[in-house]
Amino acid sequence: MSEVRRRAPQEGVVTQPENTSVEEKEKKPVASRCSKINRLLIVLVAVLLITAIALICWHFLRKRDKKPHVLLLIADDLGWADVGWHSSDISTPYLTSLAKDGIIFTHFYSQPICTASRAALFTGRYPFKLGLQGSRPILAGAPGSLPLDIKLLPELMKKDGYRTHLVGKWHLGFETIRHTPVMRGFDTFTGFYNGMQDYYTHTTSGFDTVNGTGGYDMRRDYIDSDGVPHIDNILWGAKGTYNSHLFTDEAIKIVEDHEANYEDKPLFLVMSYPNPHSPIQVPEEFIQFQENAHIENSIRKTYAGLVYSMDCSVANITEALKENDMFDDTVVLFISDNGGSLTAVDQNVGPHPTGSSNYPLRGDKGTLWEAGSRVPAFISGRNVQKGKTIDAMVHITDIYPTLISYLDLDIDYMSHEMDGSDQSKLIKMESAETAHDYFIYDIDPVYEQAAIRYGQWKLILGDPAANEVDGRYQILKKDQSSYEDGGLPMKDYVEKVYQLIGIYKQSLINNPMCKSVDCFYPEGTAEKVKLFDLSVDEYEYNDVASKHPETVRKLLEILDKEMSEMIPPVNLLDRGVAEASPNHFNGTWMPWLKEDS
C-alpha cells in the first residue's frame, strides 16, 4: 500500500485526507474533543492518585512521628506457672501470642504484695521509701495512701500530651479526693478503689453496710473540661455484670472515643485487672475452655478459667485497637503485681486453695522468696523486636524511668529521684546487661526482714516468709484439695494471718523505728542471714552464707545504706477506720477526709 502523503496545513485552514467522506469530516472534530477530554481525565486521575498517595504517606508519617500508644496490662496475683509461655498446664493463647511476638522477661521482679507493687510502678521508688513496705496492703477504709508530694507516671505522661485512663483496680488509697486516681494523673478511672471485691456484686468487705453485704465499690471518675474532678459517679447499674466483661467494654469505649476525638494524641491505657485474685469467681464458659479441658483438678481448672477470662479481655481490647488503626502504633507491656497466692480466705468462706501455682519457685505471694515477686512479664508492639528473651534482671521500679527514655517524655515535670533504672537499651537489644547492679526486694522494720539481689547473689535478712508458706508447691493434681511440698501439707492460713497481726502489733510496741541492719542482724544471730547463688540455685535450696562472708558483708553494707532512706510504715492498721464506713456514704466506699485533713 502506497504511503499517504499530507500537505502541511495552511494557516487557519483545517485540511483532511482526500477521499474522506462527509460523515468522516463531521466526526473528526468530535473525536479530537474526546481525545482532549480523555487526556484531561487521565491527568485529573493522576493528580488525584498522587494526592491520595501523598495524603496516605503524610498520615502514616504523622502517626509514626507521634509518640506510641501504651497499653499497660497488670494481672493480680498471677503465679509463675499460670501462663502458657512458662510451659504451664494453663492455656493463655492470646497473651502467649503477644509474648512470643515480643520480648519475654525471665527475671522480672515486682514487689511481694499488691499495694507496694503499684506504688513502685507509678513512682519508680522502692516502697520502703514511701512508707508502703511489707506484706501489708492498704485495707478497705484504712488510711495510709501513696504520698501526694510525688508526681506519678500518669501525671508525667499527661503533661507530655498523653490521654491517660485507668480501668480496674487502684489500691493506692483514697482517704481524700486528692488521693484518688483522677487527681493523680488519670483523665478517667473506671473501677474500684480497694484491693479486692466480689466479681459480680462489686462489694468490698470491711465495714458491713445495713444489709451486711459490705460497701459497693464501682465507679467512673473523670476530670471535666474545666479540670474539675467528679468522683460521685457510682455505677449502680453494673451490679451483676462480671468484672472482666465490664472492664473490657469500658476499655473498648475508651479506644473508640480516642480514635474519634483525640486522634492527634497518644493513648496511655492501664488495664489493672482483678484477675486472678480471689474470690475465685468466673462464668462457666471460661471454665469450659477447650484448651484447658485436660486439667483434671477442679480447683485448678476453675482458676484457669479466671486466667482465661483475662486472656479473652486482652484479645478483645487489642482487636479494638486494630479496628481503629491504633494497634501498630501501640506498645504493650504485661506484668503481674506479685506472685500467685496459693491460699485465700474470702468473706464467709474459710481458708481454701486458689488453684494458683508458682512452681518451681519457692514461696508464695507476700514472701521474700522468689515466688513472692518474680513474675510473668513481656513487652511487645511498636518498634519491639519479635521472638526475643531477656534473662537480665528487671525490676518494677524500672518501668517509670524506662518509659521516660523510651517515649522521650519531658522530665522537667519530675518531682523526685527514682530507684529504678532506664532499661531502654536492654529492650532495644542494644545491651544484654541490666542497667543496675542490684535491687531491693523489700525492707520491713515491722517483720524485721529484708532482701537484696546483687548480680547472681540474693541475700535475705530475717524470716523471708514471716511465718507464711516457704515451700515449692506443685500444681494441684487430680482430687487434691490442698498443696503439698515433699508430702508435707501447707501451714494453716488462718493461723498464719492472726499470727502476723499479733507479730506486727507487738513489734511496734517493743521496737522503735530503726534505720540500720543492726536491728535485723544483731551480733551472734548469723542464722538470720541467708545467701543464695541464683545463677546455679534459682529455686533457693542451698544457703551459702557461711561460704561467702565477704559477699554477705558487701550486701549488708548496701542494705544499710538503703535503710537510711527508709520512712516509717503508714500501712499498719488491720482494718478500716469508723469514719470510712460505707454506712456514711449510701453504702459505697468514698473518700472520708477533707483535703486539709
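In this text the structure is predicted, and so the values were computed from the model without any measurement.

Colleague: Please set out the overall build of the protein chain residue by residue, giving values where relevant.
Modeller: Check the secondary structure of the protein chain and you find twelve helices and 21 strands. Counting the 597 residues in the protein chain, one finds 55% classified as buried. Sequence-distant contacts in the protein chain: of pairs separated by 6 or more residues, those separated by 24 or more amount to 75%. When the accessible surface of the protein chain is totalled, it reaches about 26,600 Å², and 52% of it is carbon and sulfur.

Colleague: How would you sum up unusual backbone geometry? Please name residues and give values.
Modeller: Residue Pro276 is bonded to the preceding Asn275 through a cis peptide linkage, with omega at -5°. Its place among the elements puts Pro276 in the loop between strand E9 (267-272) and helix H6 (284-287). The omega torsion across Ser278 and Pro279 is 5°, close enough to zero to call that bond cis. Positionally, Pro279 belongs in the loop between E9 and H6. One non-glycine residue, Asp77, adopts positive backbone phi at about 65°. Relative to the helices and strands, Asp77 is located in the loop between strand E1 (69-75) and helix H2 (93-100).

Colleague: Could you give an account of the environment of Tyr109, naming the residues involved and the relevant values?
Modeller: Relative to the assigned elements, Tyr109 resides in strand E2 (residues 103-109). The spatial distance from the C-alpha of Tyr109 to the C-alpha of Thr397 is 9.1 Å, given a sequence separation of 288 residues. Leave out the neighbours within four places in its chain, and Tyr109 touches Glu370, Ser373, Arg374, Met393, Val394, His395, Ile396, Phe439, Tyr441, Arg453 and Leu534.

Colleague: For a nonpolar patch on the surface, give the residues involved together with the corresponding values.
Modeller: Together, Leu41, Leu44 and Leu48 make up an exposed nonpolar region whose accessible area comes to about 290 Å². Inspection of the secondary structure assignment puts Leu44 in helix H1 (residues 22-65). On the accessibility criterion, Leu44 (47% relative accessible area) is partly exposed.

Colleague: Help me get a handle on a negative patch on the surface, residues and values and all.
Modeller: Taken together, the side chains of Glu256, Asp257, Glu319 and Glu323 make up a negatively charged region of the molecular surface. For the negative patch, the secondary-structure elements that each account for two or more residues are helix H5 (243-261) and helix H7 (298-323). Residue placement: Asp257 occurs in helix H5. You can call Asp257 partly exposed: its relative accessible area is 34%.

Colleague: Any chance you could break down the confidence of the model for the protein chain for me, citing the residues and the numbers?
Modeller: Taken over all residues, the pLDDT of the protein chain has a mean of 85, while the share at 70 or more is 81%. This stretch, residues 1-28, has a pLDDT under 50; its non-local contacts, to residues over four places away or in other chains, come to five contacts.

Colleague: Explain the packing of H2 against H7 to me, using residue names and the numbers behind them.
Modeller: Packing of H2 against H7 leaves a shortest axis separation of 7 Å and a crossing angle of 60°. Classified by the interaxial angle, the pair formed by H2 and H7 is oblique. Residues Pro93, Tyr94, Leu95 and Leu98 of H2 lie in contact with H7, whose contacting residues are Tyr308, Met310, Asp311, Val314, Ala315, Thr318 and Lys322. Residues that form the contact of H2 with H7 fall into these classes: eight nonpolar, one polar and two charged.

Colleague: Which residues make up H5, and what values do they have?
Modeller: Between its first and last C-alpha atoms H5 spans 27 Å; for 19 residues at 1.5 Å apiece the expected length is 27 Å, and the two agree. In this structure, the buried side of H5 is in contact with E1, strand E3 (163-169), strand E4 (188-192), strand E7 (219-223), E9 and H7.

Colleague: If you had to explain the packing of aromatic side chains to someone new, which residues and values would you point to?
Modeller: The tally for this structure, following the rule as stated, stands at 20 aromatic pairs. Centroid distance Phe289 to Tyr308: 3.6 Å. Interplanar angle 10°. Geometry classified as stacked. Placement of Phe289 in the loop between H6 and H7 and of Tyr308 in helix H7 is noted, with a sequence separation of 19 residues between them. On the basis of relative accessibility, which here comes to 12%, the residue Phe289 falls in the buried class. Through a chain of ring-to-ring contacts, three or more aromatic side chains come together here, namely Phe174, Phe189, Tyr193 and Trp592. Of note, Arg163 hangs over the ring of Tyr262, and the distance from its end group to the ring centre comes to 4.0 Å. The ring of Trp369 has Arg362 sitting right over it, with the charged end atom 3.7 Å from the ring centre.

Colleague: Quick one: what's the story with the pairing of E2, residue by residue and with numbers?
Modeller: The buried count for E2 comes to seven of seven residues, which makes it a mostly enclosed element. By the bridge criterion, five bridges tie E2 to strand E13 (residues 374-381) in an arrangement that is antiparallel. Each bridged residue has a counterpart across the sheet, and for Phe108 the counterpart in E13 is Val375. With three bridges joining them, E2 and strand E14 (residues 388-390) adopt parallel strand pairing. When the bridges of E14 are listed, Ile104 appears paired with Thr389.

Colleague: For the pattern of salt bridges, give the residues involved together with the corresponding values.
Modeller: Enumeration over the complete set of coordinates arrives at 24 salt bridges. Residue Lys129 is joined to Asp419 by a salt bridge in which the shortest nitrogen-to-oxygen separation is 2.7 Å. Taken together, the residues Lys129 in the loop between helix H3 (114-123) and helix H4 (153-159) and Asp419 in the loop between helix H9 (399-406) and helix H10 (424-427) connect sequence positions 290 residues apart. Accessibility classification places Lys129 together with Asp419 in one group, the buried group. Here Glu370 ties to Lys458 by a salt bridge, and the two come within 2.9 Å at their closest N and O atoms. Of the two residues, Glu370 sits in helix H8 (residues 370-373) while Lys458 sits in strand E18 (residues 457-461), which places them 88 residues apart along the sequence. What emerges from the salt-bridge pattern is a single network uniting Arg125, Lys129, Asp419, Glu562 and Glu565.

What counts as what
Residues numbered from 1 in each chain as written. Predicted model: local features only at pLDDT ≥ 70, side-chain atom pairs only at ≥ 80, totals over all residues. Heavy atoms only, no water. Helix = DSSP H or I, 4+ residues; strand = E, 2+ residues; numbered from the N terminus. Buried < 20%, exposed > 50% of the residue type's maximum accessible area, 1.4 Å probe, protein only. Contact = heavy atoms within 4.5 Å. Areas by Shrake-Rupley, 256 points an atom, 1.4 Å probe, with all protein chains shown as cover. Patch = residues over 30% accessible without salt bridge, like charges linked within 9 Å, V, L, I, M, F, W, Y side chains within 5 Å. Salt bridge = Lys/Arg side-chain N within 4 Å of Asp/Glu carboxyl O. Lys, Arg positive; Asp, Glu negative; His and termini not counted. Charge placed at Lys NZ, Arg CZ, Asp CG, Glu CD. pLDDT = per-residue confidence, 0-100. Axes fitted to C-alpha atoms, helices over the stretch in contact; angles between N-to-C directions. Parallel < 35°, antiparallel > 145°, perpendicular 65-115°, else oblique. Nonpolar A, V, L, I, M, F, W, Y, C, P; charged D, E, K, R; others polar. Expected span 1.5 Å × (residues − 1). Phe/Tyr/Trp six-rings, centres within 6.5 Å; stacked < 30°, edge-to-face > 60°. Lys NZ or Arg CZ within 6 Å of the ring centre and 35° of its normal. Pairing = 2+ DSSP bridges.

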